[in-house]
Amino acid sequence: MTEYNLLHNDRILLFDGGMGSLLVKKGLLPGEKPEYWNLSHPEVIEEIHSAYIAAGADIINTNTFGAYRHKLGDDTERVILAAIENAKRARDKSGKNTLIALDMGPLGKLLAPLGELDFEEAVKIFAETVKIGAPHADLILIETMGDLYEIKAAVLAAKENADLPIVVTVALDERGKLMTGADVETVVALLEGLSVSALGVNCGFGPEKLLPFVKRMAKVASIPLVVTPNAGLPTIREGKTVYDLSPDAFAEEMKALLFDGVFFAGGCCGTTPAHIAALKAVVDALPAPVLREKQISAVSSYTHTVTFGKEPVLIGERLNPTGKARLKAALREGDLGYLATEGIAQCEKGAMILDVNVGLPELDEPKVLCEVVKLLQEVCDAPLQIDTANAEAMEKACRLYNGKPLLNSVNGAEDSMRAVFPIAKKYGGMVVALTLDENGIPNTVEGRVAIAEKILATAKEYSLCEKDLIFDPLALTVSSDSSAALVTLGTVKVLHERGLLTSLGVSNVSFGLPERDRINGAFFTMALLAGLSAAIMNPFSDAMMNAYRTYRVLCGLDTSAADYIASLSEKKDGVAIDTLRGAVIKGLSDKASFYTKELLKEKSALAVMNEDIIPALDEVGRGFESGKTFLPQLLAAADAAKAAFEVVKEAMPKGESVGEEKKVILATVKGDIHDIGKNIVKVMLENYGYTVIDLGRDVAPEVIVAAVKEHDTKLVGLSALMTTTVSSMEETIKALKKEGLTCKVVVGGAVLNREYADMIGADRYAKDAAETVRYADEVFG
């Protein structure tokens, strides 16, 4: 399979449909790992592949969704090779040129800092599967992904260990977001930056519910899209799990999804060869798919995307030690908490991206830059501009960055371009390009534009283009050259007229002069009028922020001047970091401990807990539930609250407690190794005072029954991600009832909904962690 196939199909190509749901029908037992059927029942796997090929599938997926060492141990290689052979036999017997996709699902573990799995360890796990299976496959399918960071790990493993097309599909929640918070635009930004061959959505919902999310993807994606929904929603009929869309109904709903940009279609849970055959009849009647370049320039964090070109972008400058004695001292002393506070404060003031520079000669820059990038991504969700002249530091920071970064910078010198552009191409970042080269900074507009053109031409050698670059014409101080600002502004104007993006370190223009803010504000306004796309600036400067806000009003970018008016009445809704509440909400553990100790001088331990810590957690929980706060911030807040609680406990008089112990048992059911959702619920419950007995993953019903008896708990939470393990959930509920245990059971997971939870006998379906906490509050009164 080649890139040409992906981009020049004369029709939409079809992936196959569900594998796990068919294996359940064939006798897969609750808790049994479907991958082992490649060895124990190869004829069944081959039969399913053959049925999909006969139905019209152009691509069949190997039965390797969870084929990883932490699940299969020493059997990993045998299972993967058997899966490949089963698919090949089906293809060879068919006589068709069906393509074989090495199928890789999620690992089932949260990556650090949200969980315990190190990013490079995740890459290593994916890489082993790629090395075994890719030499025998036509493409790699990375599917059902719910974490942007895990997606990056999987794609890097595929890129570094194989030379095959890579297709990635994600599982979205009802808001159109990944479990860890990324929206569809951010998924597209990351995956296009990583140069995958195609991207899209699978699982979660039927075609109708996925429609708005696929439309959003199509608006921003410049590579082929893939759509493989479920056959509607699961239900139970005559004791068996079935999905509510018939083949014809599925194909009818899929018609709305097959618009320009969609090059691949197929099915996921509940779909069968009959569904694919019905879909083929629809696809065969459609014209060839069309791909349109969107020319979108964007960077992202782990949650959202910032786009250049529509209106000015503000990049906070205060995490650069140049001229900042306090920041230099913090870096030398290892006081990263100071950097976290500065980052949060800049975002509160309006910075959309944070510039991060740790370039002090006495520091190990690669090490410190990576530490700071990790820390900032734990406490705020703004995209980062990785600012370094050290290529090693840039590459290491780019590799571990969760999202699509902005790299600052490259210049027109040959060695700079040859060092930076390969990093940008591999890891998918946009690049700030300085208009200087080996000969220095030209003192004319023409000279700087010529360097910009040279940089662009070289970038294209690495398959980078205009949308991947943002040019910095260099603001020099007018104190030593009265024409410096005019040359810079002239260069901005010419580059803007040529359709290129520009950025400036605005405050450089006033260096050496008094009342610098006055000059900076005026220069910023002039640069915006010349077409400036982004500014590296101080968001605490009233002059700079006033220039930005008034420009937006006067250029029609601020409808009804709403943002401008709101700015006059702020302090907005910002949270003061110098309080316990603010420290918990912003996830600053050290500050939370400090402010707790201070408050305990004024009030009792229980008052601090009930009046400060719990209300802060409530606010974070409401933000998480509403989609305004995301998983990394939730977990950082949890750590800060835990630090505060420890101080409170130490201050309590002997014999006094925070209340009766409320015990909840959590488990991922037998056969399922995916415990991400369970672990999020655990964090939420613990932070609301619950004692969680975590039984882990792949837990048999009898183990859960025994734990309930031992701990005499009122509530059990069960989790499952895979279609093939939902039956284990039902089996566990039946076992609890058979033993006469009166505990309540709450269930959750990507393959569940409220109706299905009712059918398997659960007391409550919880769509997320916050709903689980609310139900626990009901149960425990």
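Preceding block: the structure.
Figured I'd write up the structure that's included with this text. Remember, it's a predicted structure, so these values are computed and weren't measured experimentally. In every chain, residue numbers begin from 1 and rise along the written sequence. It should be noted that, the model being predicted, local features are given only for residues of pLDDT at least 70 and side-chain atom pairs only at 80 or more, the latter also being counted only at that level, while totals for whole chains, interfaces and linings use all residues. The side-chain numbers reported here are obtained from all heavy atoms of the structure, hydrogens and water having been left aside.

1. Observations regarding the overall build of the chain
Item 1. Counting from the N terminus, the helices are DSSP H or I runs at least four residues long and the strands are E runs at least two residues long. A count of helices and strands for the chain gives 31 helices and 25 strands.
Item 2. To get the radius of gyration, use the C-alpha atoms; to get the globule rule, take the number of residues to the power 0.38 and multiply by 2.2 Å. Its C-alpha atoms give the chain a radius of gyration of 28 Å, within 12% of the compact-globule value 28 Å for 781 residues.
Item 3. Seen through its principal axes, the chain has C-alpha atoms that stretch 85 × 75 × 50 Å.
Item 4. For the chain, buried positions account for 60% of its 781 residues.
Item 5. For this analysis, residues touch if any pair of their heavy atoms sits within 4.5 Å. If you take every contact in the chain between residues at least 6 apart in sequence, the share linking residues at least 24 apart comes to 75%.
Item 6. Positive charges come from Lys and Arg, negative ones from Asp and Glu, while His and the chain ends are left out of the count. Taken as the charge location is NZ of Lys, CZ of Arg, CG of Asp or CD of Glu. Distance from the positive charge centre (83 side chains) to the negative charge centre (108 side chains) of the chain: 1 Å. Type-normalised accessible area, obtained with a 1.4 Å probe on protein chains alone, sets the label of each residue: buried when under 20%, exposed when over 50%, and partly exposed for intermediate values.

2. Some remarks on the sheet that holds strand β18 (residues 469-472)
Item 1. The criterion for strand pairing is that DSSP finds at least two bridges linking the strands in question. Pairing within the closed barrel is parallel, and its eight strands lie in the order β13-β14-β15-β16-β17-β18-β19-β20. Across the sheet, the mean angle separating the axes of adjacent strands is 30 degrees when strand polarity is ignored.
Item 2. When β18 meets strand β19 (residues 501-505), the two strands line up parallel, connected through two bridges. Across the sheet, residue F471 finds its bridge partner in β19, namely T502. Inter-axis angles, ranging from 0 to 180 degrees, are taken between N-to-C directions of lines fitted to C-alpha atoms, where helices are fitted over the stretch in contact.

3. Let's talk about a nonpolar patch on the surface
Item 1. A cluster of nonpolar side chains, namely Y564, I565 and L568, defines an oily patch on the protein surface of about 300 Å² accessible area.
Item 2. Within the element layout of this structure, I565 appears in helix α22 (residues 562-568). Note on patches: the residues involved have over 30% relative accessible area and no salt bridge, like charges join within 9 Å, and the nonpolar side chains Val, Leu, Ile, Met, Phe, Trp and Tyr join within 5 Å. Using a 1.4 Å probe, accessible areas were evaluated by the Shrake-Rupley method; residue-level cover was limited to the displayed protein chains. Any Lys or Arg side-chain nitrogen found within 4 Å of a carboxyl oxygen on Asp or Glu counts as a salt bridge.

4. Points about helix α11 (residues 247-254)
Each full turn of the α-helix corresponds to 3.6 residues, which orients residues three or four apart in the same direction.
Item 1. Within the span of α11, buried status applies to F250, A251 and M254. Seen end-on, α11 carries its buried residues on one side only, within an arc spanning 95 degrees.
Item 2. Tucked into the core, α11 has its buried residues touching α10 (207-220), β7 (225-228), β10 (262-265) and α12 (273-283). The arc in question is traced by the directions running from the helix axis to the C-beta atoms.

5. What to know about the pattern of salt bridges
Item 1. Under the definition given, this model contains 48 salt bridges.
Item 2. We note a salt bridge from E453 to R498, for which the minimum N-O separation is 2.1 Å. Here the residue E453 occupies a position in helix α18 (residues 445-461), and R498 occupies one in the loop between α19 (484-497) and β19, the gap between them amounting to 45 residues.
Item 3. E453 gets classed as partly exposed once you look at its relative accessible area, which sits at 42%.
Item 4. Judged by relative accessible area, which is 48%, R498 ranks as partly exposed.
Item 5. One network of salt bridges, in which partners are shared, links E120, E160, R399 and K426.

6. Side note on helix α25 (residues 605-626)
Item 1. For a helix, the expected span equals 1.5 Å multiplied by the residue count minus one. Over its 22 residues, α25 extends 30 Å from the first C-alpha to the last, a length consistent with the 32 Å expected when each residue adds 1.5 Å.
Item 2. Bending is quantified residue by residue as the angle between axes fitted to the seven-residue window ending at that residue and the seven-residue window starting at it. I614 marks where α25 bends most, by close to 30 degrees; the proline P615 follows one to four residues later.
Item 3. Considering only its buried residues, α25 is in contact with α23 (580-585), α24 (589-599), α26 (631-651) and α27 (676-687).
Item 4. Within two residues after α25, G627 carries a phi angle of roughly 85 degrees, on the positive side.

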